[in-house]
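Residue-level listing of the chains:
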Amino acid sequence: MSRRVVVTGIGLVSSLGIGTEATWNGLLAGQSGAGPITKFDASAFSTRFAAEVRGFDPLAFVDKKDVKKMDIFIQYAVAASQFAMEDSRLVITPENAPRVGVFIASGIGGFTTIEKEHRAFLEGGPRRISPFFIPAAIINLASGQVSIRFGAKGPNSATCTACTASAHAIGDAYEIIKRGAADAMIAGGSEAAVCAMGVGGFAAMRALSQRNDDPARASRPFDKDRDGFVLGEGAGVLILEERERAIERGAPIYAEMVGYGMSADAYHMTGQPEDGDGAYRVMRAALESAGVEPNVVDYINAHGTSTPINDPTETLAVKRVFGDHARTLAMSSTKSMTGHLLGAAGGLEAGITALAIRNQMLPPTINLDTPGEGCDLDYVAHTARAATVRYALSNSFGFGGTNGSLLFKRHE
């Protein structure tokens, strides 16, 4: 059995806004979500800014008694899932509940809760540790809490594959529907690592931009002056459904998901091979799984982290996959505006890719003033633009050399 899968709902929470419309409008306006860190005192850190979610009220999405049972990454996941469910108009009933599943990923999980409870232990000993510590922090509780919230009793899991995690969650959910194990999946990812240990850890690796005097211009994928990524947070969740079922219930359809690729670099724990082999193979795998040729792709939402290694490597991989067509297609990095959401990046960017197809609009890569060496494609610099988008790829690459690529097409 192989069934067609469509996107019927999108829920986004990002530094550009709480809700899909706010995030999309911010992208089209070329806004940066980066600013000084407010969640802790970052004055002693080499990087003192991030792309924080601002103005988030968990009580708008979670009962007061349950807030303390959820790390903020779980709260973001519940919020994004609520937005996506409302958008899709999917109603879960006792009859269909076993056919609706949840796959929500995270790269790190409850970092803030781990910090808080460790501090409580140091200050007061083991009796000060909250009984909610473990369920508030572990990664699969985002999927667990969403399934409890909406009564989804189908397949339930949580991928944890670094910055590729939610791309894998969406891809795996797609495969589950294709093979008939579920009719609908709530799939994506959530991350909330803007905390002392999160920022400190990435800064110690020299992975973060240190453009403290101008945070809004710090994330500059493909630019010669890029100096690292901007840590972001938030969530991106899609509702995936079997196509005939979605049409029958009159669901809105953003795009059809038609391909999914996975690969490993088998090279280095944090770096990519210079020839971009893993990135090349994962895009090829997504295209081959859909049975389409490279020249049908009009747009790529790039991994595009604004790091010295990733951007030319991804560009080279795109040239290898698409040949001369690489000069014709458009590719942008929305991380230039949202920052890098780590394990939630793929969920957010899959939602953005589906919106680009539905709206026939390409979000830009901001802060791209002078392309860096090896970065010579059409990155939709500075300004969003209207375009014909039939097929679009969303790329995600993670520490450990784990890669994922999702292929969407315009629904007809």
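Residues numbered from 1 in each chain as written. Predicted model: local features only at pLDDT ≥ 70, side-chain atom pairs only at ≥ 80, totals over all residues. Heavy atoms only, no water.

Colleague: Give me unusual backbone geometry: which residues, what numbers.
Modeller: If a residue is not glycine, its phi is most likely negative; likewise, a peptide bond is most likely trans. Unusually for a residue other than glycine, Ala-266 sits at a positive phi of about 50 degrees. Take Ala-266: it is sitting in the loop between β9 (255–264) and α10 (277–290). Even without glycine at this site, Gln-360 takes up a positive phi of about 55 degrees. The topology assignment puts Gln-360 in the loop between α13 (345–359) and β12 (361–362). (Helix = DSSP H or I, 4+ residues; strand = E, 2+ residues; numbered from the N terminus.)

Colleague: Which residues make up the packing of α10 against helix α11 (residues 310–322), and what values go with them?
Modeller: Following both chains from N to C, one finds α10 and α11 inclined at 40 degrees, their axes separated by 8 Å at the closest point. Of the possible angle classes, the one that applies to α10 and α11 is oblique. The interaxial crossing formed by α10 with α11 has right-handed handedness. Each of Asp-277, Ala-279, Tyr-280, Met-283, Arg-284 and Leu-287 in α10 lies in contact with α11, whose residues at this interface are Ala-317, Val-318, Arg-320, Val-321 and Phe-322. Grouping the amino acids of the contact of α10 with α11 by side-chain chemistry returns 8 nonpolar, no polar and 3 charged. (Axes fitted to C-alpha atoms, helices over the stretch in contact; angles between N-to-C directions. Parallel < 35°, antiparallel > 145°, perpendicular 65-115°, else oblique. Left-handed = near helix turned anticlockwise from the far one by under 90°. Contact = heavy atoms within 4.5 Å. Nonpolar A, V, L, I, M, F, W, Y, C, P; charged D, E, K, R; others polar.)

Colleague: How would you summarise the side chain of Thr-113 if you had to cite specific residues and measurements?
Modeller: Among the structural elements, Thr-113 can be located in helix α4 (residues 111–124). Not counting residues up to four positions away in its chain, the partners in contact with Thr-113 are Asp-71, Phe-133, Ala-136 and Ala-137.

Colleague: Give me the environment of Ile-247: which residues, what numbers.
Modeller: Looking at where Ile-247 falls in the secondary structure, it is placed in helix α9 (residues 243–248). For the pair Ile-247 and Thr-8, spaced 239 residues apart in the sequence, the C-alpha separation amounts to 9.8 Å. Among residues more than four places away in sequence, those in contact with Ile-247 are Ile-253 and His-411.

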